[in-house]
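Here is what each chain is made of, one letter per residue.
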Amino acid sequence: MKYELFVGKRYLFSSSRDRSISLITWISICGVALGNIALIASTSIMNGFRDNLRRAVTGSLPHITMFAWDDNMADYEDLIGAITNQSRVVSASPYIFKQALLTGKKQPKGALLRGIDTSREAKVTSISAFLRKEVYPIHPPSPAEQQLLSEEIISRLDYATSQKALNPSGVILGAMLAQNLKVRVGDHVQLISSEQRMTPFGDMPRIKDLEVVGIFESGISGYDEVLAFMDYHLVQKIYGMGHSVTGIGIRVEDPELAPQIASALQKSTENYLVSNWADENKSIFQIMKLEKLGLFLILTLIVIVAAFNIISSLVMLVVEKSGEIAILKSLGATDYSIRKIFAVQGVIIGSIGTITGVLLGLLVCWVLMTFDLIDIPPGVYPGGNRVPVLINWTDVMITALSSFAICFVVTIYPAAKAARVNPVEVLRYE
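In this text the structure is predicted, and so the values were computed from the model without any measurement.

Peer 1: In this structure, what is going on with the overall build of the chain? I would like to understand it.
Peer 2: Of the regular secondary structure elements, the chain holds 17 helices and 10 strands. When burial is assessed residue by residue, the chain has 49% of its 430 residues classed as buried. In the chain, once contacts between residues fewer than 6 apart in sequence are set aside, the share between residues at least 24 apart is 77%.

Peer 1: Help me understand empty space enclosed by the protein in this model?
Peer 2: One water molecule sets the probe size; rolling that probe over the atoms shows where empty space is left. Within the structure shown, the criterion is met by 2 cavities of 30 Å³ or more. Roughly 30 Å³ of volume is contained in the second largest cavity. Around the second largest cavity, the lining residues are L39, F296, T300, V303, T399, S402 and S403. Listing elements by their share of the lining of the second largest cavity, those giving two or more residues are α12 (282-320) and α15 (393-409). Considering only residue class, the lining of the second largest cavity consists of 3 nonpolar, 4 polar and no charged.

Peer 1: I would appreciate a short explanation of the nonpolar core in the present structure.
Peer 2: Note on soluble globular proteins: their nonpolar side chains tend to be buried together. Core analysis: the largest hydrophobic core is formed by 69 residues, its most contacted members being I64, M73, L173, L191, M230, I248 and I250. Beyond its immediate chain neighbours, meaning those up to four positions away, I250 contacts P62, H63, I64, I83, V89, S91, A92, V124 and L265. By size, the runner-up hydrophobic cluster in this structure holds 14 residues, among which are L39, V303, A306 and I406.

Peer 1: Hey, could you run me through a nonpolar patch on the surface in this one?
Peer 2: A cluster of nonpolar side chains, contributed by L360, L363, W366, M369, F371, L373 and I374, occupies part of the molecular surface with about 680 Å² of accessible area. Mapped onto the elements of the fold, F371 is located in the loop between α14 (335-370) and α15. On the basis of relative accessible area, F371 is assigned to the partly exposed category, the value being 42%.

Peer 1: Is there a simple way to explain the pairing of strand β5 (residues 170-174) in this structure?
Peer 2: It is a general feature of regular strands that their side chains alternate between the two faces of the sheet. Of all the 5 residues making up β5, 5 are buried; the element is thus mostly covered by neighbouring parts of the structure. Looking at chain direction, β5 and strand β8 (residues 227-231) are connected through 2 bridges and run antiparallel. Looking at the pairing, I172 lines up with F229 of β8.

Peer 1: I'm lost on the side chain of T118 in this one. Help?
Peer 2: Here T118 is to be found in the loop between β3 (109-116) and α4 (121-124). Judged by its relative accessible area of 14%, T118 is buried. Within polar-contact distance, the side chain of T118 engages the side chain of D158 at 2.9 Å. Once you skip the residues sitting within four places of it in the chain, T118 turns out to touch I154, L157, D158 and D231.

Peer 1: Just to check I follow, could you spell out the packing of α14 against α15 for this structure?
Peer 2: In helix packing, the relevant descriptors are the interaxial angle and the interaxial distance, both defined with respect to the helix axes. Interhelical geometry of α14 versus α15 gives an angle of 155° and a closest axis separation of 8 Å. Taken together, the axes of α14 and α15 are roughly antiparallel relative to one another. Handedness of the crossing formed by α14 with α15: right-handed. Here α14 contributes G346, V347, G350, S351, T354, V358 and L362 to the contact with α15, which in turn contributes W393, V396, A400, S403, F404, C407 and F408. In terms of residue class, the contact of α14 with α15 is made up of 9 nonpolar, 5 polar and no charged.

Peer 1: What should I look at first to understand α15 in this one?
Peer 2: Each full turn of the α-helix corresponds to 3.6 residues, which orients residues three or four apart in the same direction. Taking 1.5 Å of rise per residue, the 17 residues of α15 would be expected to cover 24 Å, and the 24 Å separating its terminal C-alpha atoms lies within 8% of that figure. Within the span of α15, buried status applies to D395, V396, T399, A400, S403, I406 and C407. The buried side chains of α15 occupy one side of the element, clustering within an arc of 135° when seen end-on. Opposite the packed face of α15, turned more than 90 degrees from it, sit the exposed residues W393, T394, L401 and V409. Its side-chain oxygen at 2.9 Å from the backbone nitrogen of T394, N392 defines the N-terminal cap of α15.

Peer 1: Would you take a moment to explain the packing of aromatic side chains for this structure?
Peer 2: For any two aromatic rings, the description comes down to two numbers: the centre-to-centre distance and the angle of the planes. Considering all chains together, one arrives at 6 aromatic pairs under this definition. When the ring of Y76 is compared with that of Y232, the centres are 6.4 Å apart and the planes differ by 85°; the resulting orientation is edge-to-face. Taken as a pair, Y76 in helix α3 (residues 76-84) and Y232 in helix α9 (residues 232-238) lie far apart in primary sequence, 156 residues in all. Y76 sits in the buried class, given a relative accessible area of 9%. For Y232, a relative accessible area of 3% gives the class buried. Judged by centre distance (5.9 Å) and plane angle (90°), the rings of W366 and F371 are edge-to-face. By way of ring pairs, the aromatic residues F130, F216 and F229 are connected into one cluster. Directly above the ring of Y95 sits R114, whose terminal nitrogen or CZ lies 4.6 Å from the centroid.

Definitions and cut-offs
- Residues numbered from 1 in each chain as written.
- Predicted model: local features only at pLDDT ≥ 70, side-chain atom pairs only at ≥ 80, totals over all residues.
- Heavy atoms only, no water.
- Helix = DSSP H or I, 4+ residues; strand = E, 2+ residues; numbered from the N terminus.
- Buried < 20%, exposed > 50% of the residue type's maximum accessible area, 1.4 Å probe, protein only.
- Contact = heavy atoms within 4.5 Å.
- 1 Å grid on protein atoms, 1.4 Å probe; cavity = no way out; pocket = protein on both sides within 12 Å on 5 of 7 lines; lining within 4 Å.
- Points joined across faces, edges and corners; volume = space filled by probe spheres on them.
- Nonpolar A, V, L, I, M, F, W, Y, C, P; charged D, E, K, R; others polar.
- Core = buried A, V, L, I, M, F, W, Y, C linked by side-chain atoms within 4.5 Å.
- Patch = residues over 30% accessible without salt bridge, like charges linked within 9 Å, V, L, I, M, F, W, Y side chains within 5 Å.
- Areas by Shrake-Rupley, 256 points an atom, 1.4 Å probe, with all protein chains shown as cover.
- Salt bridge = Lys/Arg side-chain N within 4 Å of Asp/Glu carboxyl O.
- Pairing = 2+ DSSP bridges.
- Polar contact = N/O pair within 3.5 Å; in protein donor to acceptor, adjacent residues only side chain to side chain.
- Axes fitted to C-alpha atoms, helices over the stretch in contact; angles between N-to-C directions.
- Parallel < 35°, antiparallel > 145°, perpendicular 65-115°, else oblique.
- Left-handed = near helix turned anticlockwise from the far one by under 90°.
- Expected span 1.5 Å × (residues − 1).
- Arc of directions from axis to C-beta.
- Phe/Tyr/Trp six-rings, centres within 6.5 Å; stacked < 30°, edge-to-face > 60°.
- Lys NZ or Arg CZ within 6 Å of the ring centre and 35° of its normal.

So, in structure tokens, the structure goes:
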């Protein structure tokens, strides 16, 4: 062991005349550890919320949409065949988007009506994971129960099946939309379209009576408050669209690759527009990215405050050990060796605090992932009522390296002060 490391460890942990130095040292270690715990836990929770939001967005709507502004895409079956032959494309399905007015037990509410192909929609979006029989249930169904429930709801939504069974046409309402309309599964709502029909009393809007067959709960208030789902064949009939649709929803292997694939699809067609989930929700994810950066910078101040404690403890140690430093210099120790002794102490403090903080931060994340310590009310955030936690090992590494770097940098001044000790002046009065 080099003598600089040996002397540095003795200075840091051996008993000294001034116990306040040792106390400040342990406060510094605790401060560095607390800073790392806060950084790792907060960034992991932010990552969890972002991941849940991304899965909710990419599950509620297709990864990529190819659409016509005039809702007049008649060759959609040929396009679906060509699109599904593209690499990294999993599946595609037609859809219709229309604005509608829905009337329940209370005042009417505006809705975005999404007409879907009941046989293909589950392969394009994760709508099956968001279907419920009641609004914000206390205990969400298990995966097996959810599979059976979604199959039942989607089959009940099928227009052809309803016609054969002489059942009312079905509609799936967003959770908040159903709450606003004061309706539950089994109740009826009236759809008032913008299309007009001729009657003996003049032009009248088309009105369709629909039975609520399911509830759509993505956890995103902007979706749950306005979205309603119907069989696209029924929407075509109500709005007099013939055999046309608004566009095609496309699912790809990796949602993160959607912008590149959408750009390639746009180059292959001039008649239609192509968009992707990332561009459509850019502002939301940009805000979350900025929030995460701001949170990281604010919580880094905890480590910096602890680092100032390191400076004070080392400066006090230099004053206390000035006689011993002078003796070391008299025996031939160089200024570099003296600086190294005190730099070692900063590295030890930073290493103990950082490693302890990282381990405890990961422990906090595990506890949050395992136990329901914080109960989130239904409908507040997507992903259920448990705090979402996603450990990003890159963030953990950045946190650890930043903490260690801060602890090392703050040792520069005390180490330089120790190296400037003049042995002649110190030993004159010994």
